[in-house]
Amino acid sequence: MIIRAAGPEDAPAVAECIAALLRELSGMPDYPVAPGAEAVCRRIAEGETAGAVFIAEAEAGGEPIGCMTLSVQEAVRYGGPYVEIQELWVLPEQRSHKIGAALVEAAERFCRERGVSALEVGLPVPQLFVDYGRTETFYRGHGFNLIGPRLRKLIAAP
C-alpha cells in the first residue's frame, strides 16, 4: 500500500472518492460529485488553500482505495492553527486492512511537520449512519477524544 499526497491531476478521482463517502453516509446511491469539488481539490493540491489531500493506492499508479482531505484553520481555543480531517474514506472491501490508520498517520505527520499540535475530525450523525459505532471506535483507537457534537447551517447564495 502507498499513501501519497494528491496532485492536481488526482482531482477527479478524489472528488469521486468523496462522493462515494457521501453516498454511504447519506444512504443515497445517486449522491453526485459536488459542483466545484475537483476545483477545490486542485487548489488544495497546488497549495492555494491551506490543507492537504492524501490518496491510498494498493500499488503505485493504481486506482485509489482510500483518500483523506485535511484543512488548516486558526482557532483561539488552540492559540494558533489546528488541522481538521474533513473527509476520510476507504473502499468498503479494503476496510480493516490498516488503510484508514495509514491515512491518519499521514495526517499526524502533516501536523508535526508544520508544528500543529491539534488534529480534529467530525463524526457522522449516529442516528443516520449505521456504522457510527465502528467509526467512533476507529478514531478513539487512534487517540482521538470526544469533544462534543457539531451543528451545521447551510447558507443560501445571494
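Definitions and limits used
Residues numbered from 1 in each chain as written. Predicted model: local features only at pLDDT ≥ 70, side-chain atom pairs only at ≥ 80, totals over all residues. Heavy atoms only, no water. Helix = DSSP H or I, 4+ residues; strand = E, 2+ residues; numbered from the N terminus. Core = buried A, V, L, I, M, F, W, Y, C linked by side-chain atoms within 4.5 Å. Buried < 20%, exposed > 50% of the residue type's maximum accessible area, 1.4 Å probe, protein only. Contact = heavy atoms within 4.5 Å. Phe/Tyr/Trp six-rings, centres within 6.5 Å; stacked < 30°, edge-to-face > 60°. Lys NZ or Arg CZ within 6 Å of the ring centre and 35° of its normal. Pairing = 2+ DSSP bridges.

Caption draft 1: The arrangement of the environment of alanine 13 in detail. Along the chain, alanine 13 turns up in helix 1 (residues 11-26). The spacing of alanine 13 and isoleucine 55 is 42 residues in sequence and 9.4 Å in space, taken between C-alpha atoms.

Caption draft 2: Inspection of the nonpolar core at higher detail. Within the largest apolar cluster, 21 residues are counted, with the highest numbers of intra-cluster contacts made by Phe54, Met68, Leu70, Ile85, Leu88 and Leu103. Looking at this core, the elements that each hand over two or more residues are strand 2 (51-57), strand 3 (64-75), strand 4 (80-90) and helix 3 (99-113). Examining the composition of this core, we find that 7 residues originate from one element, helix 3, more than from any other. Apart from the residues lying within four places of it in its own chain, the contact partners of leucine 103 are Ile3, Phe54, Ala56, Gly66, Cys67, Met68, Leu88, Trp89 and Val90. With 13 residues, the next largest nonpolar core counts Ala6, Leu21, Ile44 and Cys67 among its residues.

Caption draft 3: Region of interest: the environment of glycine 36. Within the fold, glycine 36 resides in the loop between helix 1 and helix 2 (37-45). Among the residues examined, glycine 36 registers a relative accessible area of 42% and is labelled partly exposed. Taking the C-alpha atoms as reference, glycine 36 lies 9.1 Å from alanine 15; in sequence the two are 21 residues apart.

Caption draft 4: Representation of the packing of aromatic side chains within the structure. Summed over all chains, the structure comprises 3 aromatic pairs. Their ring planes at 50 degrees and their centres at 5.3 Å tell us that tyrosine 78 and tyrosine 82 sit as a pair that is tilted. Relative to phenylalanine 144, the ring of tyrosine 139 has its centre 5.3 Å away and its plane inclined at 80 degrees; by these criteria the two rings are edge-to-face. Like tyrosine 139, the residue phenylalanine 144 is buried in the burial classification. By way of ring pairs, the aromatic residues Phe138, Tyr139 and Phe144 are connected into one cluster. Its guanidinium or amino end placed over the ring of tyrosine 82, arginine 77 lies 4.8 Å from that ring's centre, counting from NZ or CZ.

Caption draft 5: Broad picture of the pairing of strand 4. Within strand 4, 8 of the 11 residues are buried, leaving the element largely enclosed by the surrounding structure. Summarising the sheet, strand 3 and strand 4 pair through 10 bridges and their orientation is antiparallel. Of the residues in strand 4, the one forming a bridge with serine 71 is glutamate 84. Hairpin connection, strand 3 to strand 4: the antiparallel pair is bridged by 4 residues, and glycine 79 has positive phi, about 65 degrees.

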